[in-house]
Amino acid sequence: MPTTPTKSKAEIVDVVVVGAGISGLAVTRGLLGAGKSVATVERRDRVGGRLLSPELDSGNGRVDLGATWFWPGEPRVLALTEELDLNIHQQHLDGDAIYHQPAGSQRLDGNPIDVHSYRFSDGAQSLAEAVAGVLPEGIVRLNASVEKVRGEGPFEVDVVDQTNGARTLLTADHIVLALPPALAVASIAFEPALPERLHGLAAMTPVWMGSTIKVVAHFERAFWRDAGLSGSAISHIGPMREIHDMSGPDGHPAALFGFVPNATPGPAPTEADIRHQLIELFGADAANPSQILIADWRDDPATSPEGVEALQAYQAFGHAAYQRPALGGRLHWSSTETAVISPGHIEGALASAERVIAEIVNSDLASTSLQGSPL
Ligand SMILES: Cc1cc2nc3c(=O)[nH]c(=O)nc-3n(C[C@H](O)[C@H](O)[C@H](O)COP(=O)(O)OP(=O)(O)OC[C@H]3O[C@@H](n4cnc5c(N)ncnc54)[C@H](O)[C@@H]3O)c2cc1C
């Protein structure tokens, strides 16, 4: 007997949040706290987006393939880590850095490369997991991709289950785009199309670190510290341009990490390339990392639209058009790229979330007061 295609289930909520990165999760939490009904739709099988902290094969802990640090002067991140009782530690700064150039490696006197910053001892992803952990069950839907947004508010939102292709229809008064604007307009169909200037702005807004390759090398011990080295290096040879210590508290688990420069054309470096560079910088002790992890963010379709390397108009970050909702106050821009404060950073993602929560709560206050007005 032929099977009939499954009919979409329809569900009505006040707000659909697209993306369960730290920004979308913070928006979700704030709106639930304000009494809204929210469905948060996440394309990946995990929360956190660009906060990505896999467990090491050795079982010794987690390392960061996305964000690593937050800095003094970023009060939102600090407040959230304190509220959620997350373990943090300071970036290791002690020891000498290395300068790597065609003439060879040069040991510097001290470490002019690293600055005072904080790390999440259980990986940056633990911040997103902790926020998701305080949300009621069923709010965040994983493996669910928003593919189409119809209408100009209320919206009909088509969600596709990434595991079985099943379609769900969500109806909402507000939609929050908590993903990089360029990815939103490249991967979600808007019917009718977004206003041309807004679409154009979103399409040209770079994805922070979206064209970066990040490499982590895990070692049995932080041998460079024994030699009085900080673990940091600047290299004009590559493949990694900058290298830093990524060890946990007191050096456990021991790890170094590096960035391959933004917009480097061609494939990601191989493990052999990484090993070779680490030996040049840190000597024979660096020959046998227990594990090398490589994340090529250019190739991750849940972060970077095709051609991400070409997006260089960083002046679009925090653009005025992102600071107010579009479509009669119903379509909202969250994500770090839209922030005025610390755009690109976790702090920026939280700042944009704060703005969006206020936009939605205040829009309802405005309509309530209009309803009550004699006019
Ligand atoms: C390599 C690297 C290093 C970094 N280092 C630092 C650092 O040291 N310090 C710092 O502060 N910041 C750093 N950052 C930046 C930081 O990670 C980001 O600012 C922050 O995580 C952005 O959060 P977000 O919620 O705005 O976006 P994202 O984390 O990108 O979240 C967007 C979410 O939307 C989901 N999504 C995408 N499309 C759809 C769809 N169609 N339907 C449903 N869901 C969808 C994605 O899967 C993702 O979960 C780094 C980033 C990278 C990649």
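Now for a look at the structure at hand.

## Some thoughts on the overall build of the protein chain
Regarding its fold elements, the protein chain presents 8 helices and 18 strands. Rg of the C-alpha trace for the protein chain: 22 Å, near the compact-globule value of 21 Å for 375 residues, within the 12% margin. If one aligns the C-alpha atoms of the protein chain with their principal axes, the spans along those axes are about 75 × 55 × 40 Å. A total of 375 residues make up the protein chain; the buried ones form 52% of that total.

## Digging into the pairing of strand S5 (residues 96-101)
As paired strands, S5 and strand S14 (residues 229-235) are joined by 4 bridges and run parallel to one another. Its bridge partner being in S14, Tyr99 is matched across the sheet by Ile234. Here 4 bridges tie S5 to strand S6 (residues 104-107), and the two strands are oriented antiparallel to one another. From the neighbouring strand, Gln101 faces S6, where its bridge partner is Gly104.

## A short note on the site of the ligand
What surrounds the ligand is a group of 37 residues, the closest being Glu42, Arg50, Trp69, Gly344 and Ile346. Taking Val41, its main chain carries an N or O atom lying 3.4 Å from a nitrogen atom of the ligand. Burial of the ligand by the protein chains amounts to 99% of its free accessible area of 1000 Å². Looking at the shell around the ligand, the element that brings in the most residues is strand S9 (residues 144-150), giving 3 residues. The two domains that each donate at least three residues to the shell around the ligand are domain 1 (7-52 + 124-207 + 313-375) and domain 2 (58-72 + 89-123 + 211-299).

## What to know about the packing of aromatic side chains
By the definition in use, this model includes 12 aromatic pairs. Between the NZ or CZ atom of Lys214 and the centre of the ring of Phe257, over which it lies, the distance is 4.4 Å.

## Comments concerning the pairing of strand S10 (residues 155-161)
Of all 7 residues that make up S10, 5 are buried, and the element is covered over most of its length. Between S9 and S10, which pair antiparallel and follow one another directly, the connecting turn spans 4 residues, one of which, Gly151, has a positive phi of 95°. Relative to strand S11 (residues 167-178), S10 is paired through 6 bridges, and the arrangement is antiparallel. What sits directly across from Asp158, in S11, is Leu169. From the end of S10 to the start of S11, which pair antiparallel, there are 5 residues, and Gly165 there has a positive phi angle of about 75°.

## Looking at unusual backbone geometry
Residues Glu191 and Pro192 are joined by a peptide bond in cis, for which omega reads 0°. Structurally, Pro192 can be placed in the loop between strand S12 (189-191) and helix H5 (196-204). Following Gly238, the chain continues to Pro239 via a peptide bond in cis, the omega torsion being 10°. For Pro239, the location among the structural elements is in the loop between S14 and strand S15 (242-245). Of note in this structure, Asp85 is not a glycine but carries a positive phi near 60°. Along the chain, Asp85 falls in the loop between helix H2 (75-83) and strand S4 (88-90). A relative accessible area of 64% means that Asp85 is categorised as exposed. Residue Ser335 is not a glycine yet carries a positive backbone phi of 110°.

## Some thoughts on the nonpolar core
Ranked by size, the top nonpolar core spans 33 residues in total, and within it Ile22, Leu127, Val176 and Ile346 carry the most contacts. Looking at this core, the elements with two or more residues in it are strand S1 (9-18), helix H1 (22-33), H2, strand S7 (118-120), helix H3 (125-133), S11 and helix H8 (346-372). With 7 residues, the top contributor of residues to this core is H8. In this structure, this core is formed jointly by two domains, domain 1 (7-52 + 124-207 + 313-375) and domain 2 (58-72 + 89-123 + 211-299), each of which donates at least three residues. Grouped together as the second largest cluster of nonpolar side chains are 32 residues, Val16, Ala184, Phe190 and Leu194 included.

## Let's talk about the sheet that holds S6
Taken in spatial order, the 7 strands make up an open sheet running S6-S5-S14-S15-S16-S13-S17, and their pairing is mixed. The open sheet terminates on both sides in strands that have one partner only, identified here as S6 and strand S17 (291-296). Taken pair by pair, the neighbouring strands of this sheet meet at an average axis angle of 20°, ignoring direction. Sheet analysis places S14 next to S15, joined by 2 bridges and oriented antiparallel. Of the residues in S15, the one forming a bridge with Ile234 is Glu242.

What counts, and where the lines are drawn
- Residues numbered from 1 in each chain as written.
- Predicted model: local features only at pLDDT ≥ 70, side-chain atom pairs only at ≥ 80, totals over all residues.
- Heavy atoms only, no water.
- Helix = DSSP H or I, 4+ residues; strand = E, 2+ residues; numbered from the N terminus.
- Rg over C-alpha atoms; globule rule 2.2 N^0.38 Å.
- Buried < 20%, exposed > 50% of the residue type's maximum accessible area, 1.4 Å probe, protein only.
- Pairing = 2+ DSSP bridges.
- Near = heavy atom within 4 Å.
- Polar contact = N/O pair within 3.5 Å; in protein donor to acceptor, adjacent residues only side chain to side chain.
- Areas by Shrake-Rupley, 256 points an atom, 1.4 Å probe, with all protein chains shown as cover.
- Domains from an automatic or database assignment.
- Phe/Tyr/Trp six-rings, centres within 6.5 Å; stacked < 30°, edge-to-face > 60°.
- Lys NZ or Arg CZ within 6 Å of the ring centre and 35° of its normal.
- Core = buried A, V, L, I, M, F, W, Y, C linked by side-chain atoms within 4.5 Å.
- Axes fitted to C-alpha atoms, helices over the stretch in contact; angles between N-to-C directions.

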